[in-house]
Protein chains: 2
Amino acid sequence: MVQLGRHFGRGPASLAEIAAEEDLPRAYLEQLVMSLRDAGLVVSTRGAHGGYELARPPADIQMGTILRALEGPIAPMICASDDPEHATTCDRTANCTVNLLWVRIRNAVTGALDSMTLADLVPPRLINVEPATSTATAATPPTATTADPPTLQGALTPS
Amino acid sequence: MVQLGRHFGRGPASLAEIAAEEDLPRAYLEQLVMSLRDAGLVVSTRGAHGGYELARPPADIQMGTILRALEGPIAPMICASDDPEHATTCDRTANCTVNLLWVRIRNAVTGALDSMTLADLVPPRLINVEPATSTATAATPPTATTADPPTLQGALTPS
DNA sequence: GCCAATCCCGAGTGATTTCGTCGGGATTAC
DNA sequence: GTAATCCCGACGAAATCACTCGGGATTGGC
């Protein structure tokens, strides 16, 4: 998750920590992270003070890779899967012209997905509301500390 | 459905006909077509010899319109809906940077969807069971181009 | 006028997926 | 040795999807 990206370079983060920050049930998060680990995206450290951290820098992790790890191959329809392994040809395939549409959509989605990396979604330095352990939040370069990067909000509302 | 497009100009087609051609349960098809009718995409004729037909020529019906009629607003996630009406801001919206990703994906999908019309999917004149070898393999002359509409902001990678 | 074909429409069902829980075992720092 | 943490399989609730049922309303043909 993005949370881990934010945490990159600071050692492993425990499930409890992430769950608290993300406001998700710990047990559920566990399942998700296991998938990510099986996909080689995160590495785990067992025992006390253990936790998870990214296997490689955020910029090297495409969002598509994450999604595929969590939800399987990208496929708007069964007949248009990302992964040839699961290309179950629906019985209609022969005369199903709509397939072309699905494939186009899938390409659009995978394109969008693979054109973004985790680094694109890790806020430069988003100061959380947590008042704990305040490390003098503003002690960073002048531009980076803005809480609302223009690029982010630009695409959000106007549709 | 594509079937109706194929039938365009030949008067109304009954549910029974379409169901037979599509190999779908009649009662189910009924539901789908009702949605399309409510959206003004098809018009119905009641009584004996009644049926459904397209409200306008296939080239004037975007696939996106069909999909929206059948499945509601395009939204990969609740926080990134097509329709501002249903823009339910998830409680995390404030610090959820992933939203940017979803919006991008949604734009990619809607772009792909709205760049195709029903006419693009109606086989020019597909001879049904005939093993016409000539059309078999080379059958994507017009569409094979990376027809990325400019609205897709270049997110599409050429496959 | 009657009948059959057809659309109209709301309610119900079963399978699948998604999200989430539970309980206990294994590993490691201190 | 003990507490923190990951590991892992199984279970359960809720939503969604694909589909069914049953009856009513409208219309063309006889």
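Conventions used here
- As a convention, each chain's residues are numbered from 1 in the sequence order in which they are written.
- Chains and ligands are labelled by the order in which they are written, letters from A for the one and numbers from 1 for the other.
- Local features in this predicted model are restricted to residues of pLDDT 70 or higher, and side-chain atom pairs are both shown and tallied only at a pLDDT of 80 or more, whereas totals for entire chains, interfaces and linings draw on every residue.
- Note: side-chain values were computed over all heavy atoms of the structure, leaving out hydrogens and water.
- Numbering of helices and strands runs from the N terminus; a helix is a DSSP stretch of H or I covering at least four residues, while a strand is a stretch of E covering at least two.
- Contact definition: two residues touch when any of their heavy atoms are within 4.5 Å.
- Computed with a 1.4 Å probe, the accessible areas rest on the Shrake-Rupley method; for each residue, only the protein chains presented here act as cover.
- We define a salt bridge as a contact between a side-chain nitrogen of Lys or Arg and a carboxyl oxygen of Asp or Glu at a distance within 4 Å.
- Throughout, exposure labels follow a simple rule: accessible area from a 1.4 Å probe, protein chains only, divided by the maximum for the residue type, with under 20% read as buried, over 50% as exposed, and the rest as partly exposed.
- The near set for a molecule or strand comprises every residue that places at least one heavy atom within 4 Å of it.
- Identification of polar contacts relies on pairs of N or O atoms within 3.5 Å, with a donor-acceptor requirement for protein atoms, meaning one able to donate a hydrogen and the other able to accept it, and with residues adjacent in sequence counted only if both atoms are side-chain atoms.
- In the scheme used here, Gly and all other residues not listed as nonpolar or charged are polar, with Ala, Val, Leu, Ile, Met, Phe, Trp, Tyr, Cys and Pro taken as nonpolar and Asp, Glu, Lys and Arg as charged.
- A residue's pLDDT is the confidence the predictor assigns to it, expressed on a 0 to 100 scale.
- A helix is expected to reach a length of 1.5 Å times the quantity of its residues less one.
- Note: two strands are recorded as paired if DSSP finds a minimum of 2 bridges between them.
- What the arc measures is the spread of directions leading from the helix axis to the C-beta atoms.

Trainee: Explain the overall build of chain A here, please?
Mentor: Across its full length, chain A carries 7 helices and 2 strands. Secondary structure of chain A in N-to-C order comes out as α-α-α-β-β-α-α-α-α. Across chain A, the fraction of contacts at a sequence separation of at least 24, relative to all contacts at a separation of at least 6, is 55%. Summing over all exposed atoms, chain A offers an accessible surface of approximately 9100 Å²; the carbon and sulfur share of this is 57%.

Trainee: I keep staring at the pattern of salt bridges and nothing clicks. Help me out?
Mentor: As a working rule, side chains carrying opposite charge can pair if their charged atoms are close by. Residues and elements named next belong to chain A. Enumeration over the complete set of coordinates arrives at 8 salt bridges over all chains. Arg37 is the salt-bridge partner of Asp38, the closest N and O atoms lying 3.2 Å from each other. Judged by relative accessible area, which is 61%, Asp38 ranks as exposed. Notably, a salt bridge pairs Asp82 with Arg68, separated by 2.3 Å at the nearest N-O pair. Of the two residues, Asp82 is situated in the loop between α4 (63–71) and α5 (99–114) and Arg68 in helix α4; the sequence distance between them amounts to 14 residues. What makes Asp82 partly exposed here is its relative accessible area of 26%. You can call Arg68 partly exposed: its relative accessible area is 27%.

Trainee: I tried to follow the protein's contact with DNA strand C on my own but got confused; where do I start?
Mentor: The immediate surroundings of DNA strand C are formed by 23 residues, with Pro25 of chain A together with Glu30, Arg37, Ser44 and Tyr52 of chain B found nearest. The sugar-phosphate share of atoms of DNA strand C within 4 Å of the protein amounts to 67%. Here Ala48 of chain A contributes a backbone N or O atom positioned 3.3 Å from a base oxygen of DNA strand C. One nitrogen or oxygen atom from the main chain of Ala48 of chain B is found 3.4 Å from a base nitrogen belonging to DNA strand C. Within the residue set of the surface near DNA strand C, elements represented by two or more residues are α3 (26–38) of chain A together with α3 (26–38), β1 (42–45) and β2 (51–54) of chain B. By residue class, the composition of the surface near DNA strand C is 8 nonpolar, 11 polar and 4 charged.

Trainee: Please explain the confidence of the model for chain A as it appears in this structure.
Mentor: As a general rule, the predicted coordinates of low-pLDDT regions are not to be interpreted in detail. Put simply, chain A has an average pLDDT of 77, and 70% of its residues get 70 or more. The low-confidence segment residues 126–159 of chain A, where pLDDT is below 50, has 16 contacts with residues more than four positions distant or belonging to other chains.

Trainee: What is the right way to read the environment of Arg56 of chain A from this model?
Mentor: All names here are of chain A. Assignment of secondary structure puts Arg56 in the loop between β2 (51–54) and α4. With residues up to four places along the chain from it excluded, the contact list for Arg56 reads Phe8, Gly40, Leu41 and Ile61. A distance of 3.2 Å separates a polar atom in the side chain of Arg56 from the backbone oxygen of Asp60.

Trainee: For this particular structure, what's the right way to read the protein's contact with DNA strand D?
Mentor: In the vicinity of DNA strand D, 24 residues are found, and the nearest of them are Leu15, Glu30, Ser44 and Tyr52 of chain A together with Pro25 of chain B. Each atom of DNA strand D within 4 Å of the protein was classed as base or backbone; sugar and phosphate made up 66%. Here Glu30 of chain A contributes a side-chain N or O atom positioned 2.8 Å from a base nitrogen of DNA strand D. At 2.6 Å, a side-chain N or O of Ser44 of chain A approaches a phosphate oxygen of DNA strand D. Taken together, the elements giving at least two residues each to the surface near DNA strand D come down to α3, β1 (42–45) and β2 of chain A together with α3 of chain B. Ranked by the residues each element gives to the surface near DNA strand D, the list is headed by α3 of chain A, at 4 residues. In terms of residue class, the surface near DNA strand D is built from 8 nonpolar, 11 polar and 5 charged.

Trainee: Before we go on, may I ask you to explain α5 of chain A in this structure?
Mentor: Structurally, the α-helix is built with 3.6 residues per turn, so residues lying three or four positions apart point the same way. Across its 16 residues, α5 of chain A extends 22 Å between first and last C-alpha, which sits within 8% of the 22 Å expected from 1.5 Å per residue. The buried fraction of α5 of chain A is high, at 12 of 16 residues. Along α5 of chain A, the positions that sit buried rather than exposed are Asn99, Leu101, Trp102, Ile105, Arg106, Asn107, Ala108, Val109, Thr110, Gly111, Ala112 and Leu113 of chain A. Residues of α5 of chain A that are buried make contact with α4 of chain A together with α4 (63–71), α5 (99–114) and α6 (118–121) of chain B.

Trainee: I keep staring at the environment of Ser44 of chain B and nothing clicks. Help me out?
Mentor: Residues and elements named next belong to chain B. As for its position among the elements, Ser44 is in strand β1. Remark: the alpha-carbon pair of Ser44 and Val33, spanning 11 residues in sequence, is separated by 9.4 Å. Those residues in contact with Ser44, other than ones at most four positions away along the chain, are Arg37, Gly51 and Tyr52.

Trainee: Could you clarify how one ought to interpret the pairing of β1 of chain A in this entry?
Mentor: Residue and element names in this part refer to chain A. Direction of pairing for β1 relative to β2: antiparallel, over a ladder of 4 bridges. Of the residues in β2, the one forming a bridge with Thr45 is Gly51. Between β1 and β2, which pair antiparallel in sequence order, lie 5 residues; one of them, Gly47, sits at a positive phi of approximately 80°.

Trainee: Would you mind showing me how to read α4 of chain A here?
Mentor: Met63, Gly64, Ile66 and Leu67 of chain A are the residues of α4 of chain A that are buried. Buried residues along α4 of chain A cover an arc of 160° about the axis, so they all sit on one side. On the buried face of α4 of chain A, the contacting elements are α3, α5 and α6 (118–121) of chain A together with α5 of chain B. At the C-terminal side of α4 of chain A, Gly72 of chain A shows a positive phi close to 80°.

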